[in-house]
Amino acid sequence: MKTRLALVIACSLVGLIAVALVLNTGGMAATTSASPRLNPAALEPRELTAFMDGFMSSNLGRFHAPGASVVVVKEGAVVFEKGYGFADLGLQSSFTPNTRFRAKSVSKTFTATAVMQLEEGGQVALDAPVTSYLHGFTLPGGNEPPITLAELLTQTSGIGDRALGTMTSDRIAAADLRGYLQQRMPSRVAAPGTVFSYADHGISLAGLTVEEVSGLPFAQYMQDKILEPLGMSRSAFDPPLEGQSDLAVGYQFVSGSYRPAPVGYFYVAPAVSLVTTGADMGRFLIGMLGGAGDSLPILRPETVQLMEARHFALQPGGPGVAYGLYEWPEIGERVLVHGGLGHGFSNLLVLLPDRHAGFFVDTNSDEPKLRYALLCAFMDRFYPAQAATSKPIGDSDPGRFAGVYSDYRYQGRIEALKELFDQGTITARGDQTLSLSWAPGQWAEVEPLVFQNLDDPNQRIAFRTDASGQVIQAYGPHDDGYRKVPWYRTLAAYAAGTLVFVVLFMSVPMVWLVSGLRRRRRREITQHRWVKTVSGLGALVGLLNLGFLVGVPLELLPYAGLNGTQLDFGAPSSLVVLFAIPLVTAALAVMLAAVGILAWRAKTGTVLARTYFAAIIGAALLFPGFLSYWSLFGLIS
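Residues numbered from 1 in each chain as written. Predicted model: local features only at pLDDT ≥ 70, side-chain atom pairs only at ≥ 80, totals over all residues. Heavy atoms only, no water.

Caption draft 1: Expanded view of helix 6 (residues 177-184). Looking only at helix 6, the buried set comprises Leu177, Tyr180, Leu181 and Arg184. Axial view of helix 6: buried residues confined to an arc of 95 degrees, hence all on one face. Packing partners of the buried residues in helix 6 comprise helix 7 (200-214), helix 8 (218-227) and helix 9 (269-272). Where helix 6 starts, the residue carrying a side-chain oxygen 3.0 Å from the main-chain nitrogen of glycine 179 turns out to be aspartate 176. (Buried < 20%, exposed > 50% of the residue type's maximum accessible area, 1.4 Å probe, protein only. Helix = DSSP H or I, 4+ residues; strand = E, 2+ residues; numbered from the N terminus. Arc of directions from axis to C-beta. Contact = heavy atoms within 4.5 Å. Polar contact = N/O pair within 3.5 Å; in protein donor to acceptor, adjacent residues only side chain to side chain.)

Caption draft 2: Structural context of unusual backbone geometry. Following glutamate 144, the chain continues to proline 145 via a peptide bond in cis, the omega torsion being -5 degrees. Look at glutamine 92: it is not a glycine, yet its phi comes out positive at around 55 degrees. Here glutamine 92 shows up in the loop between strand 4 (77-88) and strand 5 (93-94). Its relative accessible area of 45% is what places glutamine 92 among the partly exposed residues. Phi is positive for serine 631, close to 60 degrees, though the residue is something other than glycine. You can see serine 631 is positioned in the segment after helix 17 (607-629).

Caption draft 3: Quick peek at a nonpolar patch on the surface. Taken together, the side chains of Trp487, Tyr488 and Tyr629 define a hydrophobic patch exposed on the protein surface, amounting to about 400 Å² of accessible area. Relative to the helices and strands, tyrosine 629 resides in helix 17. (Patch = residues over 30% accessible without salt bridge, like charges linked within 9 Å, V, L, I, M, F, W, Y side chains within 5 Å. Areas by Shrake-Rupley, 256 points an atom, 1.4 Å probe, with all protein chains shown as cover. Salt bridge = Lys/Arg side-chain N within 4 Å of Asp/Glu carboxyl O.)

Caption draft 4: Representation of the packing of helix 6 against helix 7 in the model. Interhelical geometry of helix 6 versus helix 7 gives an angle of 140 degrees and a closest axis separation of 10 Å. What the angle tells us is that helix 6 and helix 7 run oblique. In this structure, the crossing between helix 6 and helix 7 has a hand that is left-handed. Across the interface between the two elements, Leu177, Arg178, Tyr180, Leu181 and Arg184 from helix 6 touch His201, Ser204, Leu205, Gly207, Leu208, Glu211 and Glu212 from helix 7. Of the residues contributing to the contact of helix 6 with helix 7, the split by class is five nonpolar, three polar and four charged. (Axes fitted to C-alpha atoms, helices over the stretch in contact; angles between N-to-C directions. Parallel < 35°, antiparallel > 145°, perpendicular 65-115°, else oblique. Left-handed = near helix turned anticlockwise from the far one by under 90°. Nonpolar A, V, L, I, M, F, W, Y, C, P; charged D, E, K, R; others polar.)

Caption draft 5: Fine view of the nonpolar core. The biggest cluster of nonpolar side chains holds 71 residues, and the ones touching the most others in it are Phe110, Leu149, Leu153, Leu205, Met281, Phe284 and Leu349. Sequence-distant contacts of leucine 205, defined by excluding residues within four places in its chain, comprise Val130, Leu134, Phe137, Leu139, Leu152, Ile159, Leu181 and Met185. Of all hydrophobic cores here, the second largest spans 46 residues; its members include Ala65, Val79, Phe80 and Val337. (Core = buried A, V, L, I, M, F, W, Y, C linked by side-chain atoms within 4.5 Å.)

Caption draft 6: Local environment of the pairing of strand 19 (residues 424-428). With three bridges connecting them, strand 18 (residues 403-406) and strand 19 associate as antiparallel partners. When the sheet's bridge partners are listed, glycine 403 is paired in strand 19 with isoleucine 426. By the bridge criterion, three bridges tie strand 19 to strand 20 (residues 434-436) in an arrangement that is antiparallel. Note on strand 20: the bridge partner recorded for threonine 427 is serine 435. With antiparallel pairing between neighbouring strands as the criterion, strand 19 and strand 20 make up a hairpin whose turn holds five residues, including glutamine 432 at a positive phi of roughly 70 degrees. (Pairing = 2+ DSSP bridges.)

Caption draft 7: Expanded view of the pattern of salt bridges. According to the stated counting rule, one finds 15 salt bridges in the structure shown. Across the pair aspartate 53 and lysine 82 runs a salt bridge whose closest N-O atoms are separated by 2.9 Å. Linking aspartate 53 in helix 2 (residues 45-59) with lysine 82 in strand 4, this pair joins segments that are 29 residues apart in sequence. The class for aspartate 53 is partly exposed, based on a relative accessible area of 26%. Between glutamate 302 and arginine 300 there is a salt bridge, with its nearest N and O atoms 3.0 Å apart. Judged by its relative accessible area of 46%, glutamate 302 is partly exposed. Connected via shared salt-bridge partners are Arg100, Arg234 and Asp246.

Caption draft 8: Summary view of the pairing of strand 22 (residues 450-453). The alternating pattern of strand 22 places Val450 and Gln452 on one face and Phe451 and Asn453 on the opposite face, and all of these are buried. In this sheet, strand 22 lies alongside strand 21 (residues 439-447) in antiparallel orientation, the contact comprising four bridges. When the sheet's bridge partners are listed, glutamate 447 is paired in strand 22 with valine 450. Once strand 21 ends, the chain turns through two residues before running back antiparallel as strand 22, passing leucine 449 with a positive phi of about 70 degrees. Two elements, strand 22 and strand 23 (residues 456-465), share four bridges in a ladder whose sense is antiparallel. The residue of strand 23 that forms the bridge with valine 450 is alanine 462.

Caption draft 9: Focus on the confidence of the model for the protein. The predicted model of the protein has a mean per-residue pLDDT of 87, with 89% of residues at 70 or higher. pLDDT under 50 marks residues 1-38. Its contacts with residues more than four places away, or in other chains, come to 112 contacts. (pLDDT = per-residue confidence, 0-100.)

Caption draft 10: Structural view of the side chain of glutamate 151. Residue position: glutamate 151 is located in helix 4 (residues 149-153). In this view, glutamate 151 contacts Pro146, Thr156, Ser157, Pro192 and Gly193; residues no more than four positions away in its chain are not counted.

Caption draft 11: Structural context of the side chain of serine 107. Positionally, serine 107 belongs in helix 3 (residues 107-120). With a relative accessible area of 0%, serine 107 lands in the buried category. Among the polar contacts made by the side chain of serine 107, one reaches the main-chain carbonyl oxygen of lysine 104 at a distance of 2.6 Å. Once residues lying within four places of it in the same chain are set aside, the contact partners of serine 107 are Phe237, Pro270, Ala271, Val272, Ser273 and Leu274.

Dropping the structure here:
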């Protein structure tokens with residue numbers, strides 16, 4: 001499902017590296033327990049080197065990553081850092097701990113850290129409306145109900161998101177954070193604090209708060225207050241990207257080969273714009289775990305503790321959200337993560353606060369599997385699970401969880417299609433377990449509204465119900481939020497409606513052509529003007545609408561499966577023209593209806609012919625409403 005988001009869930013990798021499970025079944029799956037390594041390895045350089053070298057040699061090619069860097073910290077010190085593979089396939093340059101790369105959404109954790117600095121200094125209150133710090137700023141639809149900084153940091157603000165038009169080739173233009181957000185902030189998708197909805201624009205609003213409260217441009221604040229104090233000398237939020245020999249080339253794996261990803265600057269800089277190195281990320285990890293003697297503290301211990309505490313969850317026993325971090329439900333360990341993905345890079349920040357340890361991995365490919373495979377393997381090797389999993393409790397009606405689930409973050413025409421095609425399904429099995437189309441394994445209920453993966457007990461998904469007990473939301477296995485959609489909002493319903501319109505609109509020019517050939521064969525020279533007008537105008541409307549329905553997917557096909565494409569720079573003119581077609585045909589449909597009424601009153605043609613054209617006119621009038629229902633009517637903006 002997700003992923004500015006493609007949704008590739010980490011659980012798909014667990015079978016490669018996960019712990020063995022002991023299953024005791026009795027009608028349904030019973031108590032399961034993990035069988036970890038009995039002798040976990042020590043987190044020391046020699047063991048880490050052997051482990052990382054083995055993992056990377058086996059998995060870089062397998063997961064389509066040209067290169068990678070990894071840094072591991074423990075007790076305020078870097079205990080391992082190393083690069084693997086190539087930063088630039090063309091030049092065959094090595095990927096080293098000092099190779100710069102785009103950290104993508106890991107930038108959000110830095111932005112959350114900046115907000116916590118302001119909170120620590122008494123400059124902001126996390127429970128205050130964010131607009132109280134942004135004088136003159138108005139959210140789409142108004143500033144009520146208010147959205148708090150805490151909700152922005154937990155991705156529960158209810159603000160929607162978009163990808164189209166979030167990039168530019170102009171570095172200076174990208175720095176106008178307020179101007180962009182005031183003009184392009186997506187509308188809300190839910191009431192504040194009610195759903196998890198991952199949004200670049202939401203966290204960027206928190207970044208704008210940092211900018212306006214501090215009086216410094218966002219990138220400058222990050223440089224002065226976080227990057228420089230930590231000694232992250234090769235990191236920045238607004239560095240030039242062209243002609244930088246030490247910047248890794250980001251790749252997308254397409255049709256069996258690597259393609260350089262597009263390079264540009266993001267308007268939503270607080271969400272995705274950090275450029276850093278593995279070595280620098282080691283310093284940030286240490287800073288988030290208590291600091292070290294050679295760097296200035298960026299947060300007081302109590303502030304770090306507040307930031308890393310759980311602040312949102314659908315259910316107490318399910319996955320939770322901290323400020324700028326997400327819980328990875330590892331048995332017996334508290335693990336916090338944040339990943340980054342897109343435009344040729346995939347990475348993962350991992351913190352184990354209770355162990356004063358953590359690691360960061362980056363690859364210059366936006367194939368997302370390696371990072372989570374490394375996390376699973378790392379935990380299995382160095383911090384294996386020690387506790388038995390919970391005993392499944394079953395549910396009186398597991399079928400209530402079954403259905404179609406969808407992301408709900410996106411706003412806009414193309415994003416609406418992406419959200420539609422990214423839908424997933426949950427199926428209730430006969431043994432009272434569930435199957436998720438976006439994650440492997442069988443899922444058994446272990447707490448009310450919380451299901452655990454029997455193939456990987458570290459994976460959980462939580463649900464929420466409405467007042468009547470109907471399941472309405474899901475969150476998990478880690479940072480993925482979904483809503484359950486009724487049948488009439490599913491891809492199948494959209495496909496059925498589209499097929500009806502395609503058949504109807506395709507028939508009009510065919511009927512018009514066949515009718516003309518028949519008249520020519522019969523040497524019928526004249527045709528009633530109303531019939532002629534209705535058939536000709538109907539054929540035009542049908543052809544144009546058919547062109548839209550067929551043209552849009554064909555136009556988008558080259559971008560399918562890529563995490564970050566040229567579409568982020570804005571829609572090409574061909575797409576703009578395509579989405580203008582329904583506006584034209586809506587006006588033509590009104591004209592067609594007027595002419596059709598005259599033709600019907602004149603009783604021209606057979607009853608069958610008049611009935612057919614009445615159906616076509618009805619379809620032409622209903623088509624804009626159909627597109628509006630699916631958020632596809634209107635110009636691309």
